[in-house]
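# Tertiary structure, described
The chain contents come next:
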Amino acid sequence: MGEWWTLLILHDAFDGFTRFDQFQENLGISSSMLTSRLKSLVAEGLLERRLYQTHPNRYEYVLTDYGRSLRSVIVALAAWGNSRLDADERSMILVDADTGEEVTPVVVDHATGRRVDTDEFVFTAGPAASEAMRARYADTSASSSA
């Protein structure tokens, strides 16, 4: 996820792009870079490579459930980017598919519906945390805040 092209390819996949030539044309990415990124996304389980034509063999790249689970991350990043722009400077916006009305996404706790982008929520060490991570979050451990 750390590479810019990865985010752009995933964004295109959320917009319905599945074929190599679609990604390449829309993104203006070199064949070698696109091939490399698609292989990585398939290896990571975010995209599935499916044969859609034989003679010659042609493949499409379809989001997996794991890949689709990143949609909220992409939406949040786009909203964050748009929040720093004037309305007339934004190249894309998120809208309700039924009404066409622009929406402003927020990240909320699934159980309570409370926004998690406030000081009321903090990170803490998880079950697999290293000793260094546990030390870093010693003051916010789940047991100390319970």
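Residues numbered from 1 in each chain as written. Predicted model: local features only at pLDDT ≥ 70, side-chain atom pairs only at ≥ 80, totals over all residues. Heavy atoms only, no water.

### Structural notes on the environment of Phe 121
Position of Phe 121 among the secondary structure elements: in the loop between α5 (71-83) and α6 (131-136). Once the C-alpha coordinates of Phe 121 and Asp 109 are considered, the two residues, 12 residues apart in sequence, prove to be 9.8 Å apart. Not counting chain neighbours up to four residues away, the residues in contact with Phe 121 comprise Arg 114, Arg 115 and Val 116. (Helix = DSSP H or I, 4+ residues; strand = E, 2+ residues; numbered from the N terminus. Contact = heavy atoms within 4.5 Å.)

### Regarding the pairing of strand β1 (residues 47-53)
Where β1 meets strand β2 (residues 58-63), six bridges bridge the pair, whose relative direction is antiparallel. Within β2, the position partnered with Leu 51 by the bridge is Tyr 59. Between β1 and β2, which pair antiparallel and follow one another directly, the connecting turn spans four residues, one of which, His 55, has a positive phi of 60°. (Pairing = 2+ DSSP bridges.)

### Side note on the packing of aromatic side chains
Per the stated rule, a full pass over the model turns up one aromatic pair. A cation over an aromatic ring shows up here: Arg 19 above the ring of Tyr 52, its NZ or CZ 3.7 Å from the ring centre. The cationic tip of Arg 49 hangs over the ring face of Tyr 59; the distance from NZ or CZ to the ring centre is 3.6 Å. (Phe/Tyr/Trp six-rings, centres within 6.5 Å; stacked < 30°, edge-to-face > 60°. Lys NZ or Arg CZ within 6 Å of the ring centre and 35° of its normal.)

### Section: the pattern of salt bridges
Applying the stated criterion to the full structure yields five salt bridges. One salt bridge connects Arg 90 with Glu 102, and the closest N-O pair in it is separated by 2.5 Å. Of this pair, Arg 90 sits in the loop between α5 and α6 while Glu 102 sits in the loop between α5 and α6, and the two are 12 residues apart along the sequence. Assessed through its relative accessible area of 22%, Arg 90 is described here as partly exposed. (Salt bridge = Lys/Arg side-chain N within 4 Å of Asp/Glu carboxyl O. Buried < 20%, exposed > 50% of the residue type's maximum accessible area, 1.4 Å probe, protein only.)

### Topic: helix α1 (residues 4-14)
Those residues of α1 that sit buried are Thr 6, Leu 7, Ile 9, Leu 10, Asp 12, Ala 13 and Phe 14. Here the buried face of α1 lies against α2 (20-27), α3 (31-43), β1, β2, α4 (65-68) and α5. Of the residues one or two after α1, Gly 16 is the one with positive phi, at around 100°.

### Some remarks on the packing of α1 against α3
Look at α1 against α3: their axes get within 10 Å of each other, and the N-to-C directions meet at 75°. Classified by the angle between their axes, α1 and α3 sit roughly perpendicular to one another. Residues Trp 5, Thr 6, Ile 9 and Leu 10 of α1 form the contact with α3, whose own contacting residues are Met 33, Leu 34, Arg 37, Leu 38 and Leu 41. Here the contact of α1 with α3 is composed, by residue class, of seven nonpolar, one polar and one charged. (Axes fitted to C-alpha atoms, helices over the stretch in contact; angles between N-to-C directions. Parallel < 35°, antiparallel > 145°, perpendicular 65-115°, else oblique. Nonpolar A, V, L, I, M, F, W, Y, C, P; charged D, E, K, R; others polar.)

### Digging into the side chain of Asn 82
Residue position: Asn 82 is located in helix α5. By relative accessible area, which is 16% here, Asn 82 ends up buried.

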